[in-house]
There are 2 protein chains.
Amino acid sequence: MRGKRATSYDVAKLAGVSQSAVSRTFSPNKSASKKTRAKVLAAAQELGFVPDPIAKSLSLGRSRLAGLVVTQYAQQNYPVALKSAVDVMTETGDSILLQIVDATDDGDTAIARLLRRRVDVILCAAGVSEAAARTCAEASVPLVLINRRLNFAGVDQVGSNHAMVMRGVAQHLKDTGTRRTVFLDAGEGNWVAAERRRGYVAACAHVGLPEPDILVGDFDYEGGFKAVAQMGDAARNFDAFVAANDPMAIGAIDALTLELGLSIPADVQVIGHDDTAMARLRGYRLTSIRQDMRTILSKAIEMAYGRLEEPQREDADLLIDSTFVPRGSTRD
Amino acid sequence: MRGKRATSYDVAKLAGVSQSAVSRTFSPNKSASKKTRAKVLAAAQELGFVPDPIAKSLSLGRSRLAGLVVTQYAQQNYPVALKSAVDVMTETGDSILLQIVDATDDGDTAIARLLRRRVDVILCAAGVSEAAARTCAEASVPLVLINRRLNFAGVDQVGSNHAMVMRGVAQHLKDTGTRRTVFLDAGEGNWVAAERRRGYVAACAHVGLPEPDILVGDFDYEGGFKAVAQMGDAARNFDAFVAANDPMAIGAIDALTLELGLSIPADVQVIGHDDTAMARLRGYRLTSIRQDMRTILSKAIEMAYGRLEEPQREDADLLIDSTFVPRGSTRD
DNA sequence: TGCATTTTTGCATCCGGATGCAATTTGGAT
DNA sequence: ATCCAAATTGCATCCGGATGCAAAAATGCA
């Protein structure tokens, strides 16, 4: 095995058959007699032959690469997401090309890079312009949006069912005697936070809770802390804070307890989102919401490859249920 | 641009030159006259031609793919690491194939997969057997170990200088009147924790602190909490807890304060590792150590590609300084 | 056993760019 | 203008597998 690796020609020569026979032996559903197959496999074994994926890509016109675009936040805060995506893909012999976008949530550049790389499909958990979607369509590369929304023919979408889980949150708050609530949103351009806000606002209306005040933080701990701290005593007028993510919720808790001396959950309830490791700390015990990222990603992969087979299929738009995870920052 | 994408032949025809001319125009350092180049570029522009990376890979024998193996822990806890690696690679037109290994820290399977994929180089921040290293060598794929150690010719290594930073930690503890300390280690097979332990133990000897007791947790919050909680009142005999990572340190803090009623840092000092988001929470203000993952990864990439050019180069073993980040869980 | 099918097999060519070599053009110096 | 060296160009072939097609072999049926 020193030096160069064996090619199908080497195997063919050793097995005394043609290169085509070798190729066919390694492709499923191709005609090859038992005898030939055995000879080829023996020779391949001896030479340590593995079909070259690059040559395969060239002749099949498939790179067996899937592009995945995520935000920096997602990369860090969904523990199993990336791993399960990689695992799912690995099983079929495909791999993931990762692109990470920062707070701007602009996936267009990432998509352009992935297309240049000739990925077979793109899963995008970042913002996407119509122009980018069109580019994908022109290249016949299926594009699946994750927790984002875009009305463009041929683009499938999967995401969390925020409306549904937020209804449970609002109901829970109402049942525990809450009246006035604050939603801790993130700044402009944070699509995910906005979706959660919309879900919560709608849920309040639905269960008969007053419309929440909207407070804008930075989608991180300091942002949540500062936003609430700056409210000063005005914060005392609210019974609950629902945050777009856990770090902001924890920031809110620190502001409420350390700055205002309020007690949680007796005086005020706090709810986060994403069920991160922080939420489990005994110092906080933050009630949170867990997205089913595993399912979301595996569905996204399924949809992407499904469309590769059947480009004209009707557009899909899947909503995956999230789970409410009650802990000590809310009352029963 | 509907349908199939343009090839170098299409461009050649439109520009009225040979396909070789097109190829040469798109390869740096190849002879091509200004005139030809201009004609080709114009035609390419018109057809939206981009050289196919797959065909390129096949003829150049380079996939322009780098394998990166990380543990699940690393994937989540080094905020900028993955992103900066992806960015560094993207600049040169290369991409990263990610493999994530779980707590077993066994990178061999991941490496085998990457080799089958024909990556050009492999960066591995997980355990590697000699056999796997040999396989890489046979395939002429440079292997760079990150925060791991293996004595095998041709394998380069980069990692944090634990000995150095731990010396600072031990000195700081000594200067603040500490005598007996505990190192919160993780279980068998956690290479990173073990490296940090060795660094700390050596540092204690170096600065004249008593040899620390070793306590084994699970490398996570619950593990740290339980390990310290189970010590019971015995924990009161120690002046400081140095943990192999932040979650364990936070777990220790919760056990010390909530279970034993100790106060931090007055009664006992606690130090974590990795400077995660948790460490910055006002409820903990954990003193920690920050690895310079950005530098570590970019050096790893540099070394890997360097060796691709110069396979016989002397083995490198680089130590990157970590930073001590003092916060409220230690005294000045 | 003989003839018609169905399988299996090998040949040749394709996928899309890179490159050694020889032919041709260009440029410089005289 | 003339000759030589250097730069440019095109041709042909390679990278390693996949596959349509036609020839060859194996199988079925009478």
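Source: prediction; values computed, not measured.

Novice: Tell me about the protein's contact with DNA strand D, and name the residues and values.
Specialist: Around DNA strand D, the surrounding shell holds 28 residues, and the nearest of these are Ser8 and Ser23 of chain A together with Arg24, Ser33 and Thr36 of chain B. Taking serine 18 of chain B, its side chain carries an N or O atom lying 2.9 Å from a phosphate oxygen of DNA strand D. A distance of 2.6 Å separates a phosphate oxygen of DNA strand D from a polar atom in the side chain of serine 33 of chain B. Put simply, the parts of the chain that give the surface near DNA strand D at least two residues each are α1 (8-15), α2 (19-25) and α4 (53-60) of chain A together with α2 (19-25) and α4 (53-60) of chain B. The dominant element in the surface near DNA strand D, judged by the number of residues it contributes, is α4 of chain A, at five residues.

Novice: Break down the nonpolar core for me, citing the residues and quoting the values.
Specialist: If you look at the biggest cluster of nonpolar residues, it comprises 153 residues, and the most contacted ones within it are Tyr200 and Phe241 of chain A together with Tyr200 and Phe241 of chain B. Looking at which element gives the most residues to this core, the answer is helix α13 (residues 293-309) of chain B, with nine residues. Setting aside its immediate chain neighbours within four residues, phenylalanine 241 of chain A contacts Val182, Val228, Met231, Ala235, Leu256, Val268, Gln269, Val270 and Ile271 of chain A. The next biggest cluster of nonpolar side chains, apart from the first, holds 44 residues, and it includes Val69 and Leu145 of chain A together with Cys124 and Phe152 of chain B.

Novice: Go over the domain arrangement of chain A with me, naming the residues and quoting the values.
Specialist: Residues and elements named next belong to chain A. When the domains of chain A are assigned, the result is domain 1 (8-51), domain 2 (61-160 + 293-321) and domain 3 (162-291). The distance between the C-alpha centroids of domain 2 and domain 3 comes to 30 Å. In this complex, domain 2 contributes 12 residues to the contact, which on the side of domain 3 involves 14 residues. Of the roughly 1,100 Å² buried between domain 2 and domain 3, counting both surfaces, carbon and sulfur atoms make up 48%. At the junction of domain 2 and domain 3, the tally comes to zero salt bridges. One can count 10 residue pairs in polar contact (both at pLDDT 80 or more) joining domain 2 with domain 3. Partitioning the side of domain 2 that touches domain 3 into residue classes produces four nonpolar, four polar and four charged.

Novice: Can you tell me about the relation of the copies chain B and chain A, naming the residues and giving the values?
Specialist: Taken as rigid bodies, chain B and chain A are interconverted by a rotation of 180 degrees and an axial shift of 0.0 Å, the fit giving an RMSD of 0.1 Å. Both copies of the chain, as the preceding transformation shows, are related through a two-fold rotation axis. Judged by C-alpha distance, glutamine 76 of chain B is the residue of chain B that lies nearest the rotation axis, at 2.4 Å. When you check the interface residues of chain B against chain A, 100% turn up at the interface there too, and the contact is symmetric in its surfaces.

Calculation rules
- Residues numbered from 1 in each chain as written.
- Chains lettered and ligands numbered in written order.
- Predicted model: local features only at pLDDT ≥ 70, side-chain atom pairs only at ≥ 80, totals over all residues.
- Heavy atoms only, no water.
- Near = heavy atom within 4 Å.
- Polar contact = N/O pair within 3.5 Å; in protein donor to acceptor, adjacent residues only side chain to side chain.
- Helix = DSSP H or I, 4+ residues; strand = E, 2+ residues; numbered from the N terminus.
- Core = buried A, V, L, I, M, F, W, Y, C linked by side-chain atoms within 4.5 Å.
- Buried < 20%, exposed > 50% of the residue type's maximum accessible area, 1.4 Å probe, protein only.
- Contact = heavy atoms within 4.5 Å.
- Domains from an automatic or database assignment.
- Buried area = accessible area lost by both parts, 1.4 Å probe.
- Salt bridge = Lys/Arg side-chain N within 4 Å of Asp/Glu carboxyl O.
- Nonpolar A, V, L, I, M, F, W, Y, C, P; charged D, E, K, R; others polar.
- Least-squares fit on C-alpha atoms with pLDDT ≥ 70 in both.

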